[in-house]
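Examination of the molecular architecture
Next come the chains, spelled out residue by residue.
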Amino acid sequence: MLNTSDLMRGFVDTIVLGRLKNGDSYGYEIGKNVKALTDGGFEMKEATLYTSFRRLEEAGMIRSYWGSENTGARRRYYSITASGRTLFEENREDWLRERGVIDTLLEVNEV
Amino acid sequence: MNSANERLKRYVDGIFASVPDTKKAGELKEEMLSNLTEKYNDYVASGLSEDAAYAAAVADLGDTDELLSSVAPGYKKTPEKKKNKSVLRWVALGVVLIALGAVIAYFASRPDGPGEGVVDNYGTVVVDGNNAGSSAEVVRGRDIDASFDGVTDVIISVESYGIEIKEHDYSYVRVLFTAKSENTVTPFVTLEENGQLEIKTPAPVLTTGGGGKLVIYVPEDSALSYDISTASGSIDLDAEGSDVRISTVSGSVTASEAGTLKIETTSGSVRAQADEFTTSVSVESVSGSIKIEIDDEVPGYVFDYSTVSGSVRDYYTGEKHSGGSGVDKVGNGSLDIRVTTTSGSIELRDWD
């Protein structure tokens, strides 16, 4: 059987970039939005999200800064860089192209 | 509220208990706690009891092993190596699919006449991949898509392009160049009869004002030799290499799995990865930070460092220095590491 979490894992970085494309955000908010947008269909474990942040930040795709919350712990915000935007667009294009290939091979439209 | 805070803090402290106290680890800890606290508060607001809210918030965290080793190199909880292989497999599958698509597109658009450079509708120069063994030259247009057989050496001498070298599943070398603007000077690409593939900006190079991206796909495990020099623009060599030399003024360099690796930079940062087939790594820098990562299969190394004011940190031996020079030997000393810098920091750590 197809392992959904394995299947989705390759998209985590692109999903994160996609969320940040619309404005700066932080871990919990991104997780919450992804869950809400997919009606609970896709839930990212926080560890997966943090790993993705580290990877993207190291690659210069995103930058982080600390919020100035007065109460409680500070939030760590992320913002997308120009190369992050480019990468997102590239990955999006790739997906649009490959989606058609997989659909054809799996005879999606013939079902 | 306060007791819940304490409880979550203790939980996070517990996760980090066996993790070396690095700056990155500290930041992650604070980030984790702030997100957990907010999530906990939302659960409570939605009507869960404090205990249920705590349990639910903590359960969403997931497996932290891979994450922790990314912020603290010394951290090793699970003995099995490279836990993230399955991720890599999916990434690899994705790359293969993308490459497959690209190759289909490429073959569909291939010109009929062998060996001729043809400018297609998009101003892209396409050179026939059957042009094996002879030579091909691409001078027109701003973008390049060219394939070559029989390459043994890759020589790149350009001004300010980002350079990426990756492996693909085909037996030829493919060169893709994308110009960033109208002012970009397209490099010459020439395959010499002795197997040297040369990619050079026309000399004398004036300010290009444009820049571009050079991506080179090489056959998997082909271990070509590389000689790369550039003024700025990052260099990412993600393919096996035999003899590798990289020199740049301000670009950052990432290089992995070379037989011998020599990197010179003025201010760019360097990240070099060595595996059991690597015999020597040499890095010279003025102010760029240097990170050398060593695969678990490497049986030992000799670490010869010299810096005027940079900090030196060896995560294997736990040694920390601020300035100075010295030689450390670990294991059988088979890998020769030489690092010289004026003010850049030097780090030696596990490749994970």
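In what follows, the structure referred to is the one given above.
What you see is a predicted model, and the numbers here were worked out from it, not measured in a lab.

A few points about the overall build of chain B
Within chain B, the secondary structure is distributed over five helices and 22 strands. Out of the 352 residues in chain B, the part that is buried amounts to 44%. Pairs at least 24 residues apart make up 55% of the contacts formed inside chain B by residues separated by at least 6 positions.

Regarding the overall build of chain A
Tallying secondary structure elements over chain A gives five helices and three strands in all. Starting at the N terminus and walking to the C terminus, you meet the elements of chain A as α-α-β-α-α-β-β-α. Taken over 111 residues, chain A has a buried fraction of 35%. Within chain A, contacts between residues at least 6 apart in sequence are counted, and of these 47% link residues at least 24 apart. Accessible surface computed for chain A: about 6,600 Å², of which carbon and sulfur atoms make up 52%.

Examining unusual backbone geometry
A positive phi is found at E107(A), a non-glycine position, where the angle reads about 55 degrees. Within the secondary structure, E107(A) sits in the segment after α5 (82–105). Positioned with a positive phi, A223(B) is a non-glycine residue whose angle comes to about 45 degrees.

Notes on the interface of chain A and chain B
On the side of chain B, 31 residues touch chain A, which itself brings 27 residues to the contact. When the buried area of chain A at its contact with chain B is split by residue, Y28(A), E46(A) and Y50(A) rank highest and sum to 24% of it. Applying the counting criterion to the chain A and chain B interface returns eight salt bridges. Among the ionic pairs, R74(A) bridges to E30(B), the shortest N-O distance being 2.9 Å. At the boundary of chain A and chain B, one finds 17 residue pairs in polar contact (both at pLDDT 80 or more). Going through the elements one at a time, α1 (4–9), α3 (27–37), α4 (46–58), β3 (76–80) and α5 of chain A are the ones with two or more residues in the side of chain A that touches chain B. Looking at the side of chain A that touches chain B element by element, the count peaks at eight residues for α4(A). In terms of residue class, the side of chain A that touches chain B is built from 10 nonpolar, two polar and 15 charged.

Examining the side chain of T278(B)
Secondary-structure assignment places T278(B) in the loop between β16 (270–274) and β17 (280–285). Ignoring sequence-local partners within four residues, the contact set of T278(B) consists of A258(B), G259(B) and L335(B).

So, α3(A)
Note that an α-helix has 3.6 residues per turn; residues three or four places apart therefore point the same way. Of the residues making up α3(A), those classed as buried are G27(A), Y28(A), I30(A), G31(A) and V34(A). Looking straight down α3(A), one finds that the buried residues subtend no more than 165 degrees of arc, so they occupy a single side. Exposed and oriented more than 90 degrees from the buried face of α3(A) are A36(A) and L37(A). Taken together, the buried residues of α3(A) touch α2 (12–20), β1 (25–26), α4 and β3 of chain A together with α2 (23–45) of chain B. Where α3(A) terminates, the next one or two residues include D39(A), which has phi positive at roughly 50 degrees.

Details of a nonpolar patch on the surface
Together, F11(A), W95(A) and L96(A) give the surface a local cluster of nonpolar side chains, amounting to about 260 Å² of exposed area. Examined against the element boundaries, F11(A) turns out to sit in the loop between α1 and α2.

Quick notes on the sheet that holds β1(A)
In spatial order, the strands read β1-β3-β2 (chain A); together these three strands make up an open sheet with antiparallel pairing. Every interior strand has two partners, whereas the edge strands, β1 and β2 (62–66) of chain A, have only one. Inspection of the sheet shows β2(A) paired to β3(A) by five bridges, in the antiparallel sense. Looking at β3(A), one finds that I62(A) is bridged to I80(A). Across the face of the sheet, α2(B) comes into contact with β1, β2 and β3 of chain A while running at roughly 100 degrees to β3(A).

What counts, and where the lines are drawn
- Residues numbered from 1 in each chain as written.
- Chains lettered and ligands numbered in written order.
- Predicted model: local features only at pLDDT ≥ 70, side-chain atom pairs only at ≥ 80, totals over all residues.
- Heavy atoms only, no water.
- Helix = DSSP H or I, 4+ residues; strand = E, 2+ residues; numbered from the N terminus.
- Buried < 20%, exposed > 50% of the residue type's maximum accessible area, 1.4 Å probe, protein only.
- Contact = heavy atoms within 4.5 Å.
- Areas by Shrake-Rupley, 256 points an atom, 1.4 Å probe, with all protein chains shown as cover.
- Buried area = accessible area lost by both parts, 1.4 Å probe.
- Salt bridge = Lys/Arg side-chain N within 4 Å of Asp/Glu carboxyl O.
- Polar contact = N/O pair within 3.5 Å; in protein donor to acceptor, adjacent residues only side chain to side chain.
- Nonpolar A, V, L, I, M, F, W, Y, C, P; charged D, E, K, R; others polar.
- Arc of directions from axis to C-beta.
- Patch = residues over 30% accessible without salt bridge, like charges linked within 9 Å, V, L, I, M, F, W, Y side chains within 5 Å.
- Pairing = 2+ DSSP bridges.
- Axes fitted to C-alpha atoms, helices over the stretch in contact; angles between N-to-C directions.

Distances and angles like these do not, on their own, reveal function.
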